[in-house]
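Fold and contact review
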Amino acid sequence: MIIILVALEDELRQKDLPDLKIHYTGVGKINATIKTLEIIKDYSPTQIINYGTAGSLNKKLKGLVEVNQFFQRDMDASPLGFKIGQTPFDDIDEIKFGNGGYSCGTGDSFVMQTPKLKLDLVDMEAYAIAKICYLNDIKFRCFKYISDNADIGANDDWIKNVSMGKKLFIKKMRHLLID
């Protein structure tokens, strides 16, 4: 069984893909963690797909992109000698699913300036979902629609673009299900 996790109904509604199970995590790593664990307990999915919006730190990226590398962008224990994005005393530094795709840094802040950790995208849920899938040996794919450039105008751009990517994601899902 495939489950799609989305932070907000504004990004994708159940009626947009009525043949698939879509669940909403809410915003942020804690909410995404709780919902992902509930989904695994209740449904035992074979694959979880995360779809949502993201800010791009790579100005060449536009539209819908697939993400395969995940980091915690707001984890900063560098005064203790750890790399930015590395959780102290945790064996899992970076999470990677498959090849190709882009990197995403997840944090509990809306990014409006370039973070210290150099990545392609920033969001608020993907790392949490990816880590739980990784730890539970569940297939994971992540698709993000570039809603803004993670800069001073990001809030206005996100508000304007939050629902713009769902047509591209719906098309991608129909293509994946046929293959």
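We now turn to the structure provided with this report. (Residues numbered from 1 in each chain as written. Predicted model: local features only at pLDDT ≥ 70, side-chain atom pairs only at ≥ 80, totals over all residues. Heavy atoms only, no water.)

Looking only at helices and strands, the protein features 4 helices and 8 strands. For the protein, the N- to C-terminal ordering of α and β elements is β-β-α-β-β-β-β-β-α-β-α-α. Here the C-alpha atoms of the protein give a radius of gyration of 15 Å, agreeing with the 16 Å that 2.2 N^0.38 yields for 179 residues. Seen through its principal axes, the protein has C-alpha atoms that stretch 50 × 35 × 30 Å. Relative to its 179 residues, the protein shows a buried fraction of 50%. For the protein, the share of sequence-separated contacts (at least 6 apart) that also reach a separation of at least 24 residues comes to 71%. Accessible surface, the protein: about 9300 Å² in total, of which carbon and sulfur atoms supply 52%. For the protein, the distance from the average site of its 24 positive side-chain charges to the average site of its 24 negative ones is 5 Å. (Helix = DSSP H or I, 4+ residues; strand = E, 2+ residues; numbered from the N terminus. Rg over C-alpha atoms; globule rule 2.2 N^0.38 Å. Buried < 20%, exposed > 50% of the residue type's maximum accessible area, 1.4 Å probe, protein only. Contact = heavy atoms within 4.5 Å. Areas by Shrake-Rupley, 256 points an atom, 1.4 Å probe, with all protein chains shown as cover. Lys, Arg positive; Asp, Glu negative; His and termini not counted. Charge placed at Lys NZ, Arg CZ, Asp CG, Glu CD.)

This brings us to the pattern of salt bridges. All chains considered together, the criterion is met by 9 salt bridges. Here E9 makes a salt bridge to R13, at a shortest N to O gap of 3.8 Å. We classify R13 as partly exposed; its relative accessible area is 28%. (Salt bridge = Lys/Arg side-chain N within 4 Å of Asp/Glu carboxyl O.)

We now examine the environment of K62. Structurally, K62 can be placed in the loop between β3 (47–56) and β4 (64–72). Polar contacts involving the side chain of K62 include one to the main-chain carbonyl oxygen of K59, which spans 3.5 Å. (Polar contact = N/O pair within 3.5 Å; in protein donor to acceptor, adjacent residues only side chain to side chain.)

Let us look at the pairing of β4. Two faces, one strand: in a regular strand the side chains alternate between the faces of the sheet. Relative to strand β8 (residues 139–148), β4 is paired through 4 bridges, and the arrangement is antiparallel. Bridging across to β8, L64 finds its partner in Y145. As paired strands, β4 and strand β6 (residues 102–106) are joined by 5 bridges and run parallel to one another. When the sheet's bridge partners are listed, F70 is paired in β6 with C104. Note: β4 against strand β5 (residues 95–96), 2 bridges, orientation antiparallel. (Pairing = 2+ DSSP bridges.)

On the surface, F110, M112 and I152 cluster together into a nonpolar patch covering about 300 Å² of accessible area. Within the secondary structure, F110 sits in the loop between β6 and β7 (121–123). (Patch = residues over 30% accessible without salt bridge, like charges linked within 9 Å, V, L, I, M, F, W, Y side chains within 5 Å.)

Here we take up the pairing of β8. With 8 of its 10 residues buried, β8 lies for the most part within the structure. As judged from the 9 bridges shared by β3 and β8, these two strands associate in the parallel manner. Directly across from I49, in β8, lies its bridge partner R141.

Counting 27 residues, the largest nonpolar core has I48, F70, L121 and F140 as the members making the most contacts within it. Elements that contribute at least two residues to this core include exactly β1 (2–6), α1 (29–43), β3, β4, α2 (126–135) and β8. Considering every element that reaches this core, the biggest residue donor is α2, with 7 residues. Leave out the neighbours within four places in its chain, and L121 touches A54, G55, S56, L61, V65, V67, S103, C104, G105, K144 and I146. Judged by nonpolar contacts, the second largest core, of 13 residues, contains I4, L17, I49 and I170. (Core = buried A, V, L, I, M, F, W, Y, C linked by side-chain atoms within 4.5 Å.)

What follows is about the state of the cysteines. The tally for this structure, following the rule as stated, stands at 0 disulfides. For C104, which is in no disulfide, the shortest distance to another cysteine sulfur is to C142 and amounts to 6.1 Å. The exposure class of C104 is buried, given its relative accessible area of 0%. For the unlinked cysteine C133, the closest cysteine sulfur is that of C142, found at 10 Å. We classify C133 as buried; its relative accessible area is 1%. (Disulfide = S-S within 2.5 Å.)

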